[in-house]
Amino acid sequence: MVESIARVRHIRVTPQKARRVVALIKGKQAEEALAILKFAQQAASEPIYKLVHSAIANARVTADKNGEPLDESDLFVSNAYVDEGTTLKRFRPRAQGRAFQIKKRTSHITVVLSTPEAAVAAPAAKKKASK
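Here the structure is a predicted model, which is why all the values come from computation and not from measurement.

### Observations regarding the environment of E31
Thought 1: The residue E31 is located in helix α2 (residues 30-39) in this model.
Thought 2: Taking the C-alpha atoms as reference points, E31 and V77, separated by 46 residues in sequence, lie 9.7 Å from one another.
Thought 3: Beyond its immediate stretch of four places on either side in the chain, E31 contacts E72 and S73.

This is the structure in structure tokens:
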């Protein structure tokens, strides 16, 4: 029962474009998600690939720390989401002395990997805590 989280912040990819890539891997096995991201043509797939790879490594470390066995083929993407980061505001000169604003958006991406037992146990623990 292992759960690992990996986050990357201030990535120079718009959240809208990153959400399209994250939607491809939600609920998939971790190894399958890596294969999908490796061959996805979107630019956001490269940092998300690295993030999933990091989450797998985090799960390995967590399992070793807790003394639990871990089969990496059991890990799946239980949750993945993209939040909006800070926006860099730049100005572009235009005709007759005007300036137009350009917004360079950033993203905060979070990937949660877990084993099937952890996914079943997590909602049960929340029910017990709320009672």
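Text resumes after the structure shown.
### Notes on a positive patch on the surface
Thought 1: A cluster of like positive charges, contributed by R12, R90, R92, R94 and K104, occupies part of the molecular surface.
Thought 2: Mapped onto the fold, R92 is located in strand β2 (residues 76-93).

### Some points on the confidence of the model for the chain
Thought 1: In the predicted model, the chain carries a mean pLDDT of 90, and the fraction of residues at 70 or more is 89%.
Thought 2: For the chain, helix α4 (residues 116-130) is the element with the lowest average pLDDT, namely 64, and strand β3 (residues 99-114) is the one with the highest, namely 96.

### Brief notes about α2
Thought 1: For α2, the full list of buried residues reads A30, A33, L34 and L37. Projected down its long axis, α2 shows its buried positions confined to an angular sector of 100°, all on one face.

### Let's talk about the packing of α2 against helix α3 (residues 45-66)
Thought 1: Relative to each other, α2 and α3 sit at 160°, their axes nearing to 9 Å. Between α2 and α3, the crossing angle belongs to the class labelled roughly antiparallel. As α2 packs across α3, the resulting crossing turns out to be left-handed. Residue-level inspection shows A30, L34, L37 and K38 of α2 in contact with α3, the latter providing S45, I48, Y49, V52, H53 and I56.
Thought 2: Each residue belonging to the contact of α2 with α3 can be placed in one class, and the counts come to seven nonpolar, two polar and one charged.

### Concerning the sheet that holds β3
Thought 1: In space, the three strands of this open sheet follow the order β1-β3-β2, with antiparallel pairing throughout. Both outer strands of the open sheet, β1 (3-11) and β2, are each paired with one neighbouring strand and no more. Averaged over all pairs of adjacent strands, the angle between their axes in this sheet comes to 10°, without regard to strand direction.
Thought 2: In terms of strand pairing, β1 meets β3 through seven bridges, oriented antiparallel.

### Quick notes on the pairing of β2
Thought 1: Pairing of β2 with β3, which is carried by 15 bridges, proceeds in the antiparallel orientation. Each residue of the ladder has a partner; that of K89, found in β3, is K103.
Thought 2: Linking β2 to β3, which pair antiparallel, is a turn of five residues; within it Q96 sits at a positive phi near 60°.

Reading the values: rules and limits
- Residues numbered from 1 in each chain as written.
- Predicted model: local features only at pLDDT ≥ 70, side-chain atom pairs only at ≥ 80, totals over all residues.
- Heavy atoms only, no water.
- Helix = DSSP H or I, 4+ residues; strand = E, 2+ residues; numbered from the N terminus.
- Contact = heavy atoms within 4.5 Å.
- Patch = residues over 30% accessible without salt bridge, like charges linked within 9 Å, V, L, I, M, F, W, Y side chains within 5 Å.
- Areas by Shrake-Rupley, 256 points an atom, 1.4 Å probe, with all protein chains shown as cover.
- Salt bridge = Lys/Arg side-chain N within 4 Å of Asp/Glu carboxyl O.
- Lys, Arg positive; Asp, Glu negative; His and termini not counted.
- Charge placed at Lys NZ, Arg CZ, Asp CG, Glu CD.
- pLDDT = per-residue confidence, 0-100.
- Buried < 20%, exposed > 50% of the residue type's maximum accessible area, 1.4 Å probe, protein only.
- Arc of directions from axis to C-beta.
- Axes fitted to C-alpha atoms, helices over the stretch in contact; angles between N-to-C directions.
- Parallel < 35°, antiparallel > 145°, perpendicular 65-115°, else oblique.
- Left-handed = near helix turned anticlockwise from the far one by under 90°.
- Nonpolar A, V, L, I, M, F, W, Y, C, P; charged D, E, K, R; others polar.
- Pairing = 2+ DSSP bridges.

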